[in-house]
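One letter stands for each residue in the lines below.
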Amino acid sequence: MADTHVLFVEDDDVIREATQLALERVGFTVTAVPDGLLGLEAFRGDRPDIALLDVMVPGLDGVSLCRRIRDESTVPVIMLSARADAIDVVLGLEAGADDYVTKPFDGAVLVARIRAVLRRFGHAAGSGGSPDGAGGAQDEASGVLVFGDVEIDTEGMEVRRGGAHVGLTPTEMRLLLEFSSAPGTVLSRDRLLERVWDYGWGGDTRVVDVHVQRLRTKIGQDRIETVRGFGYKLRA
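Residues numbered from 1 in each chain as written. Predicted model: local features only at pLDDT ≥ 70, side-chain atom pairs only at ≥ 80, totals over all residues. Heavy atoms only, no water.

Student: So what exactly am I meant to see when it comes to helix α1 (residues 13-25) here?
Tutor: One turn of an α-helix holds 3.6 residues; hence residues three or four places apart share an orientation. With 13 residues, α1 extends 18 Å between its outermost C-alpha atoms, agreeing within 8% with the 18 Å of an ideal straight helix rising 1.5 Å per residue. Measuring from the backbone nitrogen of Val-14 back to the side-chain oxygen at the start of α1 gives 3.0 Å, which picks out Asp-12 as the cap. The first or second residue beyond α1 is Gly-27, which carries a positive phi of 105 degrees. (Helix = DSSP H or I, 4+ residues; strand = E, 2+ residues; numbered from the N terminus. Expected span 1.5 Å × (residues − 1). Polar contact = N/O pair within 3.5 Å; in protein donor to acceptor, adjacent residues only side chain to side chain.)

As structure tokens, then:
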């Protein structure tokens, strides 16, 4: 993690400086800026490994900045919000964020969440290998899983639908791989939080719900079924 470059966009001087010091203390390189326009400029100039974006920043708010980043890159994004209101959480996740943290936050918790997101990113970006117990039609030679018109290349970490490339974020890819490892099996939100988001503790299931909806828009609304009261399953 010593070479990990973090972009941190936060308009509160005290929070920005204290958080920057806390992150640098554990080995991260940090570019910290006070508004969204500077954040976009820093993102394009520095190409950080992960972005921490406060929701309410001047110039270009955090949600809009997240959308701009997601238009150009799959770099992991964590949203920071002073409130845990559903609208803040959902807007950030729908904009393409991978996770969110509510302020005030403990520095150690933030570092743990950053590292968890980076582990997901590293896995989905090409660690190779197919999911354990993967089902569905599979080309053993190429490591491709097929579910209807959706093809998942588990070695190249690519997805196609109807032959066309589907762009997924690393978190969306991890989520799809988890579903494809047990097609037809209902996966609870808690299991998905643990396996995809690397939460060893209770997390906000809204994170799962929004990511499932984002994934549905890319691979087909009917491909992932909601089982009310239990969770979700991938149609085999």
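What follows picks up the thread again.
Student: Sorry, what's going on with the nonpolar core here?
Tutor: Considering soluble globular proteins, one finds that nonpolar side chains tend to be buried as a cluster. Formed by 52 residues in total, the largest nonpolar core has its most connected members in Leu-53, Met-79 and Phe-179. Among the elements that take part in this core, helix α8 (residues 206-219) stands out by supplying 6 residues, more than any other. In this structure Phe-179 touches Leu-187, Leu-192, Val-212, Leu-215, Ile-224, Tyr-232, Lys-233 and Leu-234, once residues within four positions along its chain are discounted. Residues Val-6, Ile-50, Leu-80 and Phe-105 belong to the second largest nonpolar core, which totals 16 residues. (Core = buried A, V, L, I, M, F, W, Y, C linked by side-chain atoms within 4.5 Å. Buried < 20%, exposed > 50% of the residue type's maximum accessible area, 1.4 Å probe, protein only. Contact = heavy atoms within 4.5 Å.)

Student: When you look at unusual backbone geometry in this model, what are you seeing that I'm missing?
Tutor: For the peptide bond that leads from Lys-103 to Pro-104, omega is -5 degrees, which places it in the cis range. On the secondary structure map, Pro-104 appears in the loop between β5 (99-102) and α5 (107-124). Within the chain, Arg-47 stands out as a residue other than glycine whose phi angle is a positive 50 degrees. Note on placement: Arg-47 falls in the loop between α2 (36-46) and β3 (50-54). Of note, the phi angle at Met-157 is positive, near 50 degrees, even though the residue is not glycine. Examined against the element boundaries, Met-157 turns out to sit in the loop between β8 (150-153) and β9 (158-161).

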